[in-house]
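Coordinates in review
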Amino acid sequence: MLILKEVLKSFTEPDGSPLPILDVPEFHVAPSEQMVLVGQSGCGKTTLLHIISGISRPDSGKVRVNDWDITLMTEPECDRFRAEHIGYVFQTFNLLRGFSALENVMLSMRFTGRKVDKQRARHLLERVGLGHRTAHKPTQLSVGEQQRVAVARALANRPKLLLADEPTANVDAGHQQQILDLLRETCREEKVSLVLVTHSAEVAGQFDRVERLEEFNRVGRKNPPTAH
Ligand SMILES: Nc1ncnc2c1ncn2[C@@H]1O[C@H](COP(=O)(O)OP(=O)(O)OP(=O)(O)O)[C@@H](O)[C@H]1O
Ligand SMILES: [Mg+2]
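One structure accompanies this document, and this report is about it. (Residues numbered from 1 in each chain as written. Chains lettered and ligands numbered in written order. Predicted model: local features only at pLDDT ≥ 70, side-chain atom pairs only at ≥ 80, totals over all residues. Heavy atoms only, no water.)

**Some thoughts on the sheet that holds strand S7 (residues 161-165)**
Ordered in space as S6-S7-S8-S3-S9, the five strands form an open sheet in which the pairing is parallel. Looking at which strands have only one partner, the edges of the open sheet turn out to be strand S6 (86-89) and strand S9 (209-212). Strand-to-strand, the axes of this sheet are offset by a mean angle of 15°, without reference to chain direction. Across five bridges, S7 lies against strand S8 (residues 193-197) in parallel orientation. Across the sheet, Leu-163 pairs through a bridge with Val-195, a residue of S8. Its contacts with the sheet put helix H1 (residues 45-53) on strand S3 (34-38), S6, S7 and S8, and the angle it makes with S7 is roughly 155°. Strand contacts of helix H6 (residues 173-189): S3, S7 and S8, with the helix running at about 155° to S8, the strand carrying the most contacts. (Pairing = 2+ DSSP bridges. Helix = DSSP H or I, 4+ residues; strand = E, 2+ residues; numbered from the N terminus. Axes fitted to C-alpha atoms, helices over the stretch in contact; angles between N-to-C directions. Contact = heavy atoms within 4.5 Å.)

**A short note on the coordination of the magnesium ion (ligand 2)**
Protein ligation of the magnesium ion (ligand 2) involves Thr-46 (OG1) and Gln-91 (OE1), the donor distances falling in the range 2.0 to 2.3 Å. With a gap of 45 residues between them, Thr-46 in helix H1 and Gln-91 in the loop between S6 and helix H3 (101-110) connect regions that are remote in the sequence. On the basis of relative accessible area, Thr-46 is assigned to the partly exposed category, the value being 23%. (Donors = N, O, S within 2.8 Å, 3.2 Å for Na, K, Ca; no water. Buried < 20%, exposed > 50% of the residue type's maximum accessible area, 1.4 Å probe, protein only.)

**A look at the sheet that holds strand S2 (residues 18-29)**
Hydrogen bonds between backbone groups are what pair the strands of a sheet, and the pairing can be parallel or antiparallel. Pairing in this open sheet of four strands is antiparallel, and the strands run S2-S1-S4-S5 from one edge to the other. Across the chains shown, the open sheet's two edge strands, defined by having one partner strand only, are S2 and strand S5 (68-69). Bridge analysis of strand S4 (residues 60-65) against S5 gives two bridges, and the strand direction is antiparallel. Paired with Arg-64 across the two strands is Asp-69, which belongs to S5.

**Quick word on the pairing of S4**
Relative to S4, strand S1 (residues 2-12) runs antiparallel, the two being bridged by five bridges. When the bridges of S4 are listed, Leu-4 appears paired with Val-63.

**What to know about the packing of aromatic side chains**
Where two aromatic rings form a pair, the distance of their centres and the angle of their planes describe that pair. Under the counting rule described, the total for this entry stands at three aromatic pairs. Ring plane angle 10° and centroid distance 5.0 Å describe the contact between Phe-27 and Phe-216, whose orientation is recorded as stacked. Here Phe-27, found in strand S2, pairs with Phe-216, found in helix H8 (residues 213-216); they are 189 residues apart in sequence, far enough to count as distant. Taken individually, Phe-27 and Phe-216 each receive the classification buried, so the pair is uniform in this respect. Aromatic pair Trp-68 and Phe-81: ring centres 6.4 Å apart, planes at 55°, arrangement tilted. Highlighted residues: Trp-68 in strand S5 and Phe-81 in helix H2 (residues 75-85), separated in sequence by 13 residues. Under the relative-accessibility criterion, Phe-81 is labelled buried at 6%. Here Arg-184 stacks its cationic end above the ring of Phe-207, 3.8 Å away from the centre of that ring. (Phe/Tyr/Trp six-rings, centres within 6.5 Å; stacked < 30°, edge-to-face > 60°. Lys NZ or Arg CZ within 6 Å of the ring centre and 35° of its normal.)

**Structural notes on unusual backbone geometry**
Leaving glycine out, the prevailing phi sign among residues is negative, and the prevailing peptide bond configuration is trans. The phi torsion at Glu-6 lies on the positive side, around 50°, for a residue other than glycine. Here Asn-66, not a glycine, exhibits a phi torsion of approximately 55°, which is positive. Mapped onto the elements of the fold, Asn-66 is located in the loop between S4 and S5.

Right, here's the structure in full:
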C-alpha cells in the first residue's frame, strides 16, 4: 500500500543554511495494516506525513501509494489523488471556517467527483459524539470537538490510506478511545491502511506495530535526542 525508498527532505534554517529533517532509506505499510509512528517533538513526523500525502515533495526518493509514485504527479494530479485515496487528520485540524461541521465533512466528498453521501457524513459525526453539533462552525466548537470533526472528515471519502497526526491530542480519555475505536473499526471494515502519530503511550500500546521515527530516519540517528 505504502512504500518509501531513499526519501530525503531538508528545510532551510532562518540563516539560509540547509536543515536536514528526513533521510529514510525504507518505510513500508501493508494493505489494511494499522501502525503507530512515535518520536520526539520536532523529529519530523508531520513532515513525513506531508510527504506521504504529497502535500510536500521530498528532495529526492520514491513515495508509492497504492502502486502510484506520487512524486511523479503534477500538483493537480496529486491533489486529486489525495482526495480520492488518502484521508488525513491534520495535527492543526485545517477545518474550513465558513462551514458547519457537517458541511466540512461533506465538502471533502466534493473534491473526488463522487456523489456526496450526507448520511455517511452524519453517521461519522455521530460516531465521534457530535450528532448534536453538526450545524456549528469551527469557531462555535471546542478544540476537542474541532479535532473530532477533523477525524470524521478524514474518513468521509472511504480512503485507502489514512494518516492521522495526533488525532486524540486534544480530547479526554473517553473521547480518545471513541476516536481510536472509530478509526480502527472503520479501517478494518473498509480495508484501509492506518498510520497514526501519537505522543500517548496509552494509544501506542493498543497497536501491534509501533515505529520510532528516529530509529529508521538516518537524520534522527545522527542527532540523537538529548536526555532529560
Ligand atoms: N518550513 C520549515 N522551515 C524550516 N524548518 C521547518 C519547517 N517546517 C518544519 N521545520 C522543522 O522541521 C522539524 C520537524 O518538524 P515536524 O513538524 O515534522 O515535527 P514533528 O515530529 O511532527 O513534531 P511534533 O511532535 O511537535 O508535532 C522541526 O524541528 C521544525 O522546526
Ligand atoms: Mg507534528
